[in-house]
Each structure stands twice: as structure tokens, then as C-alpha cells.
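So you can see what is in the structure, the chains are spelled out below.
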There are 2 protein chains.
Amino acid sequence: MKIGIVGLGLIGGSLGLDLVSQGFEVFGVSRHQKTCDIALSRKAVSHASLDFSILTPVELLFICTPLGAITSTIKSVIPYLSKNTIITDVGSVKQPIVEEITHFYPNFIGGHPMAGTAHQGIEASLLNLFYNAPYVLTPTPSTPVEAIAKLEKIISMLGSKLYFATAEQHDQAVALISHAPVMISAALIDTCCVNQEILELAQNLASSGFRDTSRVGGGNPELGVMMAQFNKKAVLKALYQYEEKLGQIISNIEQENWSLLTEFLEKTQANRPNFLS
Amino acid sequence: MKIGIVGLGLIGGSLGLDLVSQGFEVFGVSRHQKTCDIALSRKAVSHASLDFSILTPVELLFICTPLGAITSTIKSVIPYLSKNTIITDVGSVKQPIVEEITHFYPNFIGGHPMAGTAHQGIEASLLNLFYNAPYVLTPTPSTPVEAIAKLEKIISMLGSKLYFATAEQHDQAVALISHAPVMISAALIDTCCVNQEILELAQNLASSGFRDTSRVGGGNPELGVMMAQFNKKAVLKALYQYEEKLGQIISNIEQENWSLLTEFLEKTQANRPNFLS
């Protein structure tokens, strides 16, 4: 089976490494010749080009560009493909992409492999990056079942844990467990910087609790803004719900309702392990 | 120098291990004979008793009971001490204790060694637990300078990083970097449990970002409530400031003011490392 990959960064490159190692013929496209050369030398692709025309023979095409370039890339690449080619993407937000693409390219299946490292680019690509990691597919009721079956088979070969969801469900789930936490964590860091008089003491006393709670809020600002931008509706919904929950805690403390606060914290202690399987 | 310790748990026991190993004669008091026996066998104390009367010869006394028992313990033990005995405690909130004790026992210095493990009790006590950890002292303007100097010398022998602050400053700083984060993190866990329809998907997709941001919110409920109870004023102040910061982020997202959101996240990215020295 011939498989194409547009965008040879961490995700595209790692997909290529896995697929080439499993005997697929992989056709890679990058905007940079240097990336093509590295991808070839690392065996992340069988063929590499700057040009979409290389993709004509592929049965399945992974779009692995940054989130903001996915829909425009799909529109540009379609003229080069056979109309039976299955297109999938790896964007971390699904609804806007799925809604826009599906109505003019039925053979599209939104996808989101939830794997990564702290590094970016083809040099950071890794064999087995997706092994044991969640991989969400968001087909619509009109997606051809053969297309889903074909993509499902490839993803199972990566060793990923495959989940199916609607694009909306996916976006709400990642808003809750990934995008909103960035904002929640960033607000904590900024709160600690408000109080100039005790700033230095707070900095000196902060330890593992602060380190963990603040980690994602101190991450890449571009990524955080992109999450809010592309997943605005779900992120806001999550943050409104969060404000309400925090308000409950605050009102328990104000009213010294220690039994209700105890109940709240017992519930969160009991529920957290269900998210850490 | 003879040193006393009331409360032979993780903190009291670890203090004892360090002090005995440095040649001090350590007098330990616990409510349980078994704890006394273990403390003696681990060399966390030189002498152990269920009875405060053992403490009469000590020059310096550490109160290492749970937070809620500190002031009552000090009141009960004072009749057994020489009036020159310096008393210090290890409670994680300082203002209520310092305010109550100082006006009837001038030789008291509030203290907070910020070290711990996931375990509790004398069996969990460790040599060098306080090495390189922050240790805050909160003397008042009327605390005798000789008492401060004597305690400072002992703490420097533990290898701790010593900081001086007012009790109020201490409580505000720990509210920001330790107590409020518990509430902020717990509210996130509960928010993720609101949406029954996507709960299972969210649980399956949660990874390291969620794990870190939710860690302290999934901790011991009793500890969380105790922080809120004893440090109510400072915790509420921190949470009100936090609500305002989160509100700024939400309004930037609502108004699609991506440049302001970028600025915010750039600031938190730049500021976080100052808390991780």
C-alpha cells in the first residue's frame, strides 16, 4: 500500500518511520528540501519531494502540517490525488476541519494522534511514538465505511489506542483535559506575580506542587493561543464550567462550610485516578 | 545542647534523626508508647516519653504536632518548661499561631520547614529531609534576638535554606504557591467530571498535562481543608486574585484578542522559571 504524508515534522516524520519500517511505500512532501533529505536519510519516507504531484499514486494521505495550515493544504493537494484517496489529518482540534472538508471531500476522516515530545521537527521524529498513545478518529455518518476500515487497520499497526468520537465530542474532551488546563495553569502563574511584596518569598518557597500545577501554563504561548483560537467554543465552555466549580469552592471557604469542602475534595481525590489509566 | 520534640511523626522524627546524628541530646514526646519505642530504636531521639515532664531540661523545643493541635500543645507544655526555653513550631500556617502564642510566651518563634514525602509517621522519617529545603522563620519585632540566633544556628545545621518573613507574608506566599493551587487543581478535576457524555473519552485522552495540573487537587482532602481553614484569609485573597486573572484570559478568548492572550502566555512562560530555582 502506498501512503502519503504532507508535513514531515515530529508527527509526520514519526508516522513515516513506523510505516516504512512496516514495509509501506511512503511518499513524503515538505516545503523544504533539507527536510526531504533528512526524512530520506532517516528512512522516514521512501520518496520525498517539494511537489504534491509525487502523491498521485497514494491510497491514504496523512496531512501533518501545523493546525492552521490543514484545511488550505487539503484544498491544494486534492487536485493531485485520485478521488478514492483517503485523506486524514493529525490536527489537535477537529470540528472546524471536519466541517469544512467533509462536504466537498467525502473520503476525509479527521484524526488526532495524542503523542508528542518536547521537541519539534524531522530530527525529533521517533519510531513507535504512537505506541500505546490514544489516537482519535472522528468520521461522520456519511464517511465511507471502507475508508474507516482501511485507516483503522493502519492505525492499529502503530500500536495506538484507537477511539472513535464525533468531532464535537473530541474537541470538548481535549478542551477539558488539555486546552483549558493551559489557561487555568497560566492564570495561577500570573496570580503569583501580582503581589510584588511577597513575590521573592513565593518564588523561594515554591516547590513540586507549584511546579506541577504551573507546568502547562508556562509552555509554548503560540500553542496555547492556537488551542484557544481553533477550539474557542469548547475551551470557553470548559472555562465557564470551571469558573462555576471554583466559585463553589470559594463559597464553601467563605462560609466555612468545611464538610462540603471535604466532600468536594474527597470527590476529586476519588475521581482523579480514572483519568490516569 | 538539649533539644525537645513534641510529636514524633515524619517531621518531628526527621528533625530528631538530624539532631541526634549531630550530637545533640534529644528529648522526644509522643502520645503513643509504640512511637516512642520506634523513635528510640531509629535514633530519632535520645530519650522518649509520653509525658511532658521529660522536657524540663530542654533549651529549645520543636512542636511537631498536626497544625490543629499546635497552640493547645504549646499551652499544655509551657508549665513543664524553664521560662528561657525557646519554643518553635513547624506548622504550615503561621499567623493564627504566632498571634496567639507570642503575647503570652515571648520566647516563641513560628517556623515552617517546607519538606515532606508522600508518607507519614515515625517510620517515614528520614535523615537530611530538610537539606536544601526552604525553612521559614517568622519572628516578631518583640522576639528576643538571642532566641532567633540560637534557632537560626540549629536550622543552618540541617542544611535548610533559611528565610525570614512576617507570619502574614509567609501565609500569603504559601497560599499562592501551595494552598490555592490545591483548590485550583481540584476545580479542574471536578469540571472534567461534569460532562457525563464525554467523561469516558476525556478519561481516555487525559495525559501528562492533565496529570500534572490535577495532581495537588487529587491529594489528601483533610490537608486541603486544613489549609483553607487555618489560612482562610490568605487563601481567599489568592483565589479572588486568581478569578480575576482567569477572567482576563476568558475575556481575551471571548473577544478573540489573540495578541493580548499571546502577551499573557508569553509573560507566564517567562515568569515560571523564577519559581523553580
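These notes cover the structure that comes with them. What you see is a predicted model, and the numbers here were worked out from it, not measured in a lab.

## Re the sheet that holds strand E2 (residues 25-29) of chain B
Residues and elements named next belong to chain B.
No. 1: With mixed pairing, the 8 strands of this open sheet are ordered in space as E3-E2-E1-E4-E5-E6-E7-E8. Edge strands, defined here as strands with exactly one partner in the open sheet, are strand E3 (47-49) and strand E8 (161-164). Shown here is a sheet whose adjacent strand axes are inclined to one another by a mean of 20 degrees, direction ignored.
No. 2: Bridge count for strand E7 (residues 134-138) against E8 is 4 bridges, and the pairing is parallel. Across the sheet, the residue bridging to Tyr-135 is Leu-162, located in E8.
No. 3: Helix H3 (residues 70-77) contacts strand E1 (2-6), strand E4 (60-63), strand E5 (86-89) and strand E6 (108-113) of the sheet and is inclined by roughly 145 degrees relative to E4.

## A few points about the pairing of E2 of chain B
Residue and element names in this part refer to chain B.
No. 1: Taken across its 5 residues, E2 has 4 buried, putting it largely inside the fold.
No. 2: Here 5 bridges tie E1 to E2, and the two strands are oriented parallel to one another. Each bridged residue has a counterpart across the sheet, and for Ile-5 the counterpart in E2 is Gly-28.
No. 3: Crossover E2 to E3 through helix H2 (residues 33-41) is right-handed.

## Section: the relation of the copies chain B and chain A
No. 1: Superposing chain B onto chain A takes a rotation of 180 degrees plus a shift of 0.0 Å along the axis, which leaves an RMSD of 0.0 Å. Given the turn and translation reported, the copies of this chain are related as if by a two-fold rotation axis.
No. 2: Taken as a fraction of all interface residues of chain B, those also at the interface in chain A reach 100%, which identifies the copy contact as same-surface.

## Regarding a negative patch on the surface
No. 1: On the surface, a cluster of negative charge is made up of Glu-243 and Glu-254 of chain A together with Glu-243 and Glu-254 of chain B.
No. 2: Secondary structure elements with two or more residues in the negative patch: helix H10 (232-254) of chain A together with helix H10 (232-254) of chain B.
No. 3: Mapped onto the secondary structure, Glu-254 of chain A falls in helix H10.

## Let's talk about the side chain of Asn-107 of chain A
Residues and elements named next belong to chain A.
No. 1: Tracing the backbone through its elements, the reader meets Asn-107 in the loop between helix H4 (95-102) and strand E6 (108-113).
No. 2: Owing to a relative accessible area of 13%, Asn-107 belongs among the buried residues under this scheme.
No. 3: Sequence-distant contacts of Asn-107, defined by excluding residues within four places in its chain, comprise Lys-83, Asn-84, Thr-85, Ile-86, Ile-87, Pro-144 and Ala-147.

## Notes on the packing of helix H11 (residues 258-271) of chain A against helix H9 (residues 221-230) of chain B
No. 1: As a packed pair, H11 of chain A and H9 of chain B sit with axes 9 Å apart at the nearest point and diverge in direction by 140 degrees. In terms of orientation, H11 of chain A lies oblique with respect to H9 of chain B. Here the hand of the crossing between H11 of chain A and H9 of chain B comes out right-handed. Across the interface between the two elements, Trp-258, Leu-261, Thr-262, Leu-265, Glu-266 and Gln-269 of chain A of H11 of chain A pack against Pro-221, Gly-224, Val-225, Ala-228 and Gln-229 of chain B of H9 of chain B.
No. 2: Looking at the contact of H11 of chain A with H9 of chain B residue by residue, the class counts come to 6 nonpolar, 4 polar and 1 charged.

About the cut-offs
- Residues numbered from 1 in each chain as written.
- Chains lettered and ligands numbered in written order.
- Predicted model: local features only at pLDDT ≥ 70, side-chain atom pairs only at ≥ 80, totals over all residues.
- Heavy atoms only, no water.
- Pairing = 2+ DSSP bridges.
- Helix = DSSP H or I, 4+ residues; strand = E, 2+ residues; numbered from the N terminus.
- Axes fitted to C-alpha atoms, helices over the stretch in contact; angles between N-to-C directions.
- Contact = heavy atoms within 4.5 Å.
- Buried < 20%, exposed > 50% of the residue type's maximum accessible area, 1.4 Å probe, protein only.
- Right-handed = clockwise from strand over helix to strand, strands pointing away.
- Least-squares fit on C-alpha atoms with pLDDT ≥ 70 in both.
- Patch = residues over 30% accessible without salt bridge, like charges linked within 9 Å, V, L, I, M, F, W, Y side chains within 5 Å.
- Areas by Shrake-Rupley, 256 points an atom, 1.4 Å probe, with all protein chains shown as cover.
- Salt bridge = Lys/Arg side-chain N within 4 Å of Asp/Glu carboxyl O.
- Lys, Arg positive; Asp, Glu negative; His and termini not counted.
- Charge placed at Lys NZ, Arg CZ, Asp CG, Glu CD.
- Parallel < 35°, antiparallel > 145°, perpendicular 65-115°, else oblique.
- Left-handed = near helix turned anticlockwise from the far one by under 90°.
- Nonpolar A, V, L, I, M, F, W, Y, C, P; charged D, E, K, R; others polar.

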